[in-house]
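Report on the structure
Now for the letters of each chain:
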Amino acid sequence: MPERPEQDVIVIGGGPVGLAAGMSLAGQGLRVTVLERDGEAVVAGPDVAERAWGRWHRPGVAQFRQPHILLPVGTALLRERLPRVVDALEASGPLRINLVAAGREVPGMGGPRPGDERYDTLTARRPVLDAAFATAAAATPGLTVRRGTEVTGLLTGAEQLQGRPRVTGVVTQDGEELRAALVVDAGGRNSPVSALLARLGGPPPASERAEAGFVYYARTYRAVGDAPAQSPWPLNHHEGVSTIVIPADHDTWSAVLVVSSRDRALKGLHDPAAWERAAKLFPELDGRTDGEPITAPQAMAGLHSRIQRTVVEGRPVVTGLVHVGDAWASTDPQFGLGLSMGMTHAVALADTVAGTGLTDAVELALRFDEVTGRTLVPVYRRLREWDRHRLAEIDAAIAGRPYETDDPGWHLTNALDGVKLADPDVLRAVTEVACMLDSPEGAFSAPGLVERALTLNGGSAWSWPGPSRAEVLAAVEAG
Ligand SMILES: Cc1cc2nc3c(=O)[nH]c(=O)nc-3n(C[C@H](O)[C@H](O)[C@H](O)COP(=O)(O)OP(=O)(O)OC[C@H]3O[C@@H](n4cnc5c(N)ncnc54)[C@H](O)[C@@H]3O)c2cc1C
């Protein structure tokens, strides 16, 4: 009889998704070890929000101090499946908002409606969110989190399926070998696990990486006096630039300018004075750059969308290993869906394991791929398609010509987005889709809704007036 490994599951990466997967699996009575490369102890106790924000060092998560919003679907999943995380977050003073609270107060939008509580969420700055996950994980029976432990290799067993590796454990930076029935890759968007897997040989996964992406220029503020009112809608698109306003805990918020990574002329936005000059051109940022800046404009580039599937033509290319969260697929951050997709994925993994057990590794791989394909791949594809059009549209703006496409889906998406603050039903439908609560087909299925929206739309795709790209460029270069 082979010796039973000391743990049933090893999770590589102690970010929100790795910890959510670890807690959910430990909740089924499995023995789970999470290995996290970053060694710094979790921030907890009184004043946790400010200490997490100011002092917690997490080099393993490049976006750790970039703005994050936890959307309603993520919050709802935590409430239902991981209430310990919600308790820890509640203790740190999170922000409670409803995504449609400001939009429904726009004149003519009719105010609140029964059912709007679907759009309630609890959010906070990313270090504060992560501290809540870490605190909850530390209190979860059956779960061990080892910080300062980097996975540098994968172990395989004899039980291979026709040249397809069967992963049976991991090797750490100190050469320690740890075995488990299941290894979960939650190493984030730069996880090394796919490269480690490639070294084992075997057929490659089906993977795809977009050829271009966006650059994020984000600045976080703290209110001096009252915090600004919630924006009618957090994400607005203009010629060549999108803006985001993300409210957070303790009267802080972030404003973000998002540009194409190919728009090199706008690279000057990393300069604080240039960023402020440009931000002032956007009406929706009015009053939202007036607080005390608590970061410089932080640039984050290389934000390509990427996905991989380890079941190819109906067969797993590897067993004993699954990828979750950003390690499985990373999407354009402007939609703020990464954490919610990751929570959905972590819970789906736990539910799959509850159904299949850990012994039949092929069945587990197939079932997890099936549920991933059904629930999350369509969201990835939708965001990826939006990116493709948007980047091409920005390319056209740089070249000084209008963007032309014969894809009616792009025109329809823009037309609906453009009237979300003019029709209360469209606002709810757009919110359903934006928050991953429904598919576009489901959200807009009410008879006559799309036709009404198209009548309302006067031909303009954008809900806010704003500057041209040339005006933004002039503001950036004005210094
Ligand atoms: C600029 C930006 C803004 C974003 N804004 C939002 C937002 O508003 N809302 C939202 O929901 N999402 C947002 N996202 C997406 C969100 O950050 C990710 O979806 C989320 O971090 C995924 O969590 P994760 O646990 O999968 O990975 P991560 O948070 O990246 O965690 C991975 C962990 O694995 C560890 N690790 C890596 N390799 C190893 C190894 N070899 N051994 C051990 N440990 C390892 C790392 O140290 C890290 O702790 C944003 C992303 C970016 C880039």
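Residues numbered from 1 in each chain as written. Predicted model: local features only at pLDDT ≥ 70, side-chain atom pairs only at ≥ 80, totals over all residues. Heavy atoms only, no water.

Describing the side chain of Thr168
Its place among the elements puts Thr168 in strand β7 (residues 167-172). Owing to a relative accessible area of 17%, Thr168 belongs among the buried residues under this scheme. A polar contact of 3.3 Å, which involves the side chain of Thr168, links it to the side chain of Arg179. In this view, Thr168 contacts Leu155, Thr156, Gly157, Leu178, Arg179 and Ala180; residues no more than four positions away in its chain are not counted. (Helix = DSSP H or I, 4+ residues; strand = E, 2+ residues; numbered from the N terminus. Buried < 20%, exposed > 50% of the residue type's maximum accessible area, 1.4 Å probe, protein only. Polar contact = N/O pair within 3.5 Å; in protein donor to acceptor, adjacent residues only side chain to side chain. Contact = heavy atoms within 4.5 Å.)

A look at the pattern of salt bridges
Taken as a whole and assessed by the stated rule, the structure comprises 32 salt bridges. One salt bridge in this structure joins Arg118 and Glu432, with 2.7 Å as the shortest N-O distance. Here Arg118, found in the loop between β3 (95-98) and β4 (120-123), pairs with Glu432, found in helix α12 (residues 424-434); they are 314 residues apart in sequence, far enough to count as distant. Residue classification places Arg118 among the partly exposed positions, given a relative accessible area of 41%. The exposure class of Glu432 is buried, given its relative accessible area of 10%. In this structure, the salt-bridge partner of Asp423 is Arg452, at a minimum N-O distance of 2.8 Å. One end of the pair, Asp423, is in the loop between α11 (408-418) and α12; the other, Arg452, is in helix α14 (residues 449-456), and 29 residues separate them in sequence. Residues joined in a network through salt bridges with shared partners are Glu36, Asp38, Arg58, Arg126 and Asp130. (Salt bridge = Lys/Arg side-chain N within 4 Å of Asp/Glu carboxyl O.)

Focus: the site of the ligand
Neighbouring the ligand are 35 residues; Glu36, His68, Arg126, Asp326 and Leu339 lie closest to it. Side-chain polar atom of Gln63 to an oxygen atom of the ligand: 2.8 Å apart, as the coordinates give it. In this structure, Gly336 approaches the ligand through a main-chain N or O atom, which is 3.1 Å from an oxygen atom. In the complex, the protein chains occlude 99% of the 1000 Å² of accessible area that the ligand would expose alone. Listing elements by their share of the shell around the ligand, those giving two or more residues are α1 (16-26), β2 (32-36), β16 (298-303) and α8 (338-356). The biggest single contributor to the shell around the ligand is α1, with 3 residues. (Near = heavy atom within 4 Å. Areas by Shrake-Rupley, 256 points an atom, 1.4 Å probe, with all protein chains shown as cover.)

With respect to α1
Burial within α1 is extensive, with 11 of its 11 residues counted as buried. Within the span of α1, buried status applies to Pro16, Val17, Gly18, Leu19, Ala20, Ala21, Gly22, Met23, Ser24, Leu25 and Ala26. At its buried positions, α1 is contacted by β1 (9-12), β2, α4 (83-91), α5 (126-138), β5 (143-147) and α8.

Some thoughts on the domain arrangement of the protein
For the protein, the domain assignment lists domain 1 (9-209 + 305-379), domain 2 (214-301) and domain 3 (400-477). If you average the C-alpha positions of domain 1 and of domain 2, the two centres end up 27 Å apart. In this complex, domain 1 contributes 29 residues to the contact, which on the side of domain 2 involves 28 residues. Across the domain 1 to domain 2 interface the summed buried area is about 2200 Å²; carbon plus sulfur atoms make up 63%. Its largest share of buried area at the contact with domain 2, domain 1 owes to Gln66, Pro67 and Gln334, together 30% of the area lost on that side. Here domain 1 is connected to domain 2 by 2 salt bridges. Between Arg222 and Glu50 there is a salt bridge whose closest N-O contact spans 3.1 Å. (Domains from an automatic or database assignment. Buried area = accessible area lost by both parts, 1.4 Å probe.)

Considering the packing of α8 against helix α9 (residues 361-375)
Two numbers describe how α8 lies on α9: the axes approach to 9 Å, and their chain directions differ by 140 degrees. Taken together, α8 and α9 sit at an angle that is classed as oblique. For the element pair α8 and α9, the recorded crossing hand is right-handed. Residues His345, Ala348, Leu349, Thr352, Val353 and Thr356 of α8 lie in contact with α9, whose contacting residues are Glu363, Leu364, Arg367, Phe368, Val371 and Thr372. By residue class, the composition of the contact of α8 with α9 is 6 nonpolar, 4 polar and 2 charged. (Axes fitted to C-alpha atoms, helices over the stretch in contact; angles between N-to-C directions. Parallel < 35°, antiparallel > 145°, perpendicular 65-115°, else oblique. Left-handed = near helix turned anticlockwise from the far one by under 90°. Nonpolar A, V, L, I, M, F, W, Y, C, P; charged D, E, K, R; others polar.)

Thoughts on the environment of Arg81
Tracing the chain through its elements places Arg81 in helix α3 (residues 72-81). With a relative accessible area of 32%, Arg81 lands in the partly exposed category. Each C-alpha atom of the pair Arg81 and Glu292 lies 37 Å from the other, and the pair is 211 residues apart in sequence. With residues up to four places along the chain from it excluded, the contact list for Arg81 reads Val347 and Asp351.

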